[in-house]
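Single-letter residue listing:
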Amino acid sequence: MSRLLNYAVIVLAATLPASSLLAHHSFAMFDQSKSVELRGTVKSFRWSNPHVFIQLLVTKEGSDDEEWSIEMTSPEHLARVGWKPGTLKPGDKVTLVIHPMRDGVKGGQYLSGTGPGGPLIGSPQPSQGEGK
Amino acid sequence: MTLRRLATLTTILLGTVGSMQAGLPDWSGQWENVGATPDATGGFNQSLEQVLRTLQWGPPNKPEVQARVDRIVAMEHKRLEAIARGEDPGGAARACTFGYPAIMLDSPLMFEVLPTPKETTLIFSSREIRHVYTNGRQHTPKDELWATPWGDSIGHWEGQTLVIDTIAVKSAFGSSESEGVSVVAFGDVEGEQTITMLSPQAHFIERIRMPDKDHLEDQMTVIDPTNLTAPWHMNRTYERVAHIHRMVYEDCEGEERNPIVNGHFTLAPPPGPAKSRQ
């Protein structure tokens, strides 16, 4: 959960009329009560402001691949814990755990993942268990 | 070694020698709030309870201020409930400013501190800057002063401790100076937060020091007889950023990643490259 996003919400609520909100900075569109595991191939790793996205091609048996948009936090935050613009590359086989969109759109909030080299940065190590 | 590199090295050495000659501490490097190390979701590793305990949160609000705070919190809960339903409770605003004192107390940003003989500058990854003048000047005269999200700061050194005096602060998101200053604390769960309100006359005194080579500490006292019954003391400790050794910045431009469509938030990832690399 993002404290940066939280911050903006309450400060605006505190100081502006009730109609104001930093809407684009909320993660409320994600269903925090659900965690979904996606297995797929990285189409692109978009190191972009204000937030980084993983475009993931999820293989579906008997049908075309589905493209999912997985939202992470900002490049500044990710860099502070060791992520780099090239941490993921197109073609990488990954398993990602996400909070899915509430409205069924193929997207979600990144929680953790496993890539070609094992758990992604900040993800639980195998001995800790994924717990998802 | 090229001439350019030699010149750069000389400049750095002269700057360091200059600071050392002035008896100033070396606070170089990047710093972040203890407990505010982000994870890949943008999350943080302290609960609201931990944050409040660390900050020594406990504003001695006057009754009328507490009543206002209670109304704000209740309103915020309703707004968060609406957001949790995926609804848009109102018009969106844009901002990438934390302002003072939040930027020191409970922000997820990293920052640098640059002490020089006449001024110490604090630069944050939101591109906010605090200028603390230590050349003996007084606060800006009243007829030249207006409130800003970062206030008007002067300071002096007591040994290796920087003492900062700040006035003329207004909320970073406020539309009016008269609304005063909001101080917010967050936990690691969306909606887990608390707030208090200070008046436009709030006066802040900080004592920043380096208790050991990997930490900075900020002891802050808020003096606000308009809203508080007594001075309010808080503490914050910062640690070195672990994985990056240069400043990079948050960029709040082009924030249409979550547009509102038919009253509901949705996703809009940035466009990919013109030609797919696959």
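This one's a predicted model, so the numbers in the text were calculated from it and none came from an experiment.

Summing up its helical and strand segments, chain B has four helices and 14 strands in all. Counting the 278 residues in chain B, one finds 37% classified as buried. Long-range contacts, defined here as pairs at least 24 residues apart, represent 53% of the contacts in chain B between residues at least 6 apart.

Bringing the overall build of chain A into the picture now. Across its full length, chain A holds two helices and seven strands. Mapped in sequence order, the helices and strands of chain A form the string α-β-β-β-β-α-β-β-β. The proportion of buried residues among the 132 residues of chain A is 53%. Across chain A, contacts joining residues at least 24 apart in sequence account for 49% of those joining residues at least 6 apart.

Quick look at the environment of G23(B) now. In this fold, G23(B) is placed in the loop between α1 (3-21) and β1 (31-33). Separated by 137 residues in sequence, G23(B) and Q160(B) place their C-alpha atoms 8.1 Å apart.

Counting 41 residues, the largest nonpolar core has W31(B), A102(B), I103(B) and F111(B) as the members making the most contacts within it. Per-element accounting of this core gives the leading share, five residues, to strand β8 (residues 181-186) of chain B. Here W31(B) is in contact with M110(B), F111(B), V113(B), L216(B), Y238(B), E239(B), R240(B) and V241(B), once residues within four sequence places are set aside. Among the nonpolar cores identified, the runner-up in size contains 19 residues, and V52(A), A79(A), L88(A) and L111(A) belong to it.

To continue, consider unusual backbone geometry. A cis amide bond, omega 0 degrees, links N49(A) with the succeeding residue P50(A). In this chain, Y100(B) is followed by P101(B) through a cis amide linkage whose omega measures 5 degrees. You can see P101(B) is positioned in the loop between β2 (91-92) and α4 (102-105). Positive phi, close to 70 degrees, is recorded for R127(B), a residue that is not glycine. Looking at where R127(B) falls in the secondary structure, it is placed in the loop between β4 (119-124) and β5 (129-133). Residue class for R127(B) comes out partly exposed when judged on the 14 C-beta atoms lying within 10 Å of it.

Residues and elements named next belong to chain B. Read around the closed barrel, the nine strands follow the order β1-β3-β4-β5-β6-β7-β10-β11-β12; overall the barrel is mixed. Shown here is a sheet whose adjacent strand axes are inclined to one another by a mean of 30 degrees, direction ignored. Relative to strand β3 (residues 110-115), β1 runs antiparallel, the two sharing two bridges. When the bridges of β3 are listed, E32 appears paired with M110.

Residues and elements named next belong to chain B. Its location among the elements puts R207 in strand β10 (residues 203-212). For R207, a count of 16 C-beta atoms within 10 Å translates into the label partly exposed. Each C-alpha atom of the pair R207 and M104 lies 12 Å from the other, and the pair is 103 residues apart in sequence. Apart from residues no more than four positions distant in its own chain, R207 is found in contact with T161, V163 and Q219.

All names here are of chain B. Relative to strand β11 (residues 215-223), β10 is paired through eight bridges, and the arrangement is antiparallel. Paired with I208 across the strands is D218, a residue of β11. In sequence, β10 turns back onto β11 through a hairpin of two residues. Pairing geometry for β11 and strand β12 (residues 232-240), over eight bridges, is antiparallel. Across the sheet, residue T221 finds its bridge partner in β12, namely H233.

Summarising the sheet, strand β7 (residues 161-167) of chain B and β10(B) pair through five bridges and their orientation is antiparallel. Across the sheet, the residue bridging to I164(B) is E206(B), located in β10(B).

Right, let's get into the environment of A202(B). Residue and element names in this part refer to chain B. Structurally, A202 can be placed in the loop between β9 (193-198) and β10. Sequence spacing of A202 and H139 is 63 residues, and the spatial spacing of their C-alpha atoms is 14 Å. Those residues in contact with A202, other than ones at most four positions away along the chain, are V169, V181, V222 and D224.

Here the focus is the confidence of the model for chain A. Averaged over every residue, the pLDDT of chain A is 78; the share at 70 or more is 75%. Confidence over residues 1-24 of chain A falls short of pLDDT 50; this stretch has 86 contacts with residues more than four positions distant or in other chains.

All names here are of chain B. Of the residues in chain B, 75% reach a pLDDT of 70 or more, and the chain-wide mean stands at 82. This stretch, residues 14-18, has a pLDDT under 50; its non-local contacts, to residues over four places away or in other chains, come to zero contacts. The ipTM for the predicted assembly is 0.75, set against a pTM of 0.81.

The rules behind each value
- Residues numbered from 1 in each chain as written.
- Chains lettered and ligands numbered in written order.
- Predicted model: local features only at pLDDT ≥ 70, side-chain atom pairs only at ≥ 80, totals over all residues.
- Helix = DSSP H or I, 4+ residues; strand = E, 2+ residues; numbered from the N terminus.
- Buried ≥ 20, exposed ≤ 12 C-beta atoms within 10 Å, placed from the backbone.
- Contact = placed C-beta atoms within 7 Å.
- Core = buried A, V, L, I, M, F, W, Y, C linked by C-beta atoms within 7 Å.
- Pairing = 2+ DSSP bridges.
- Axes fitted to C-alpha atoms, helices over the stretch in contact; angles between N-to-C directions.
- pLDDT = per-residue confidence, 0-100.

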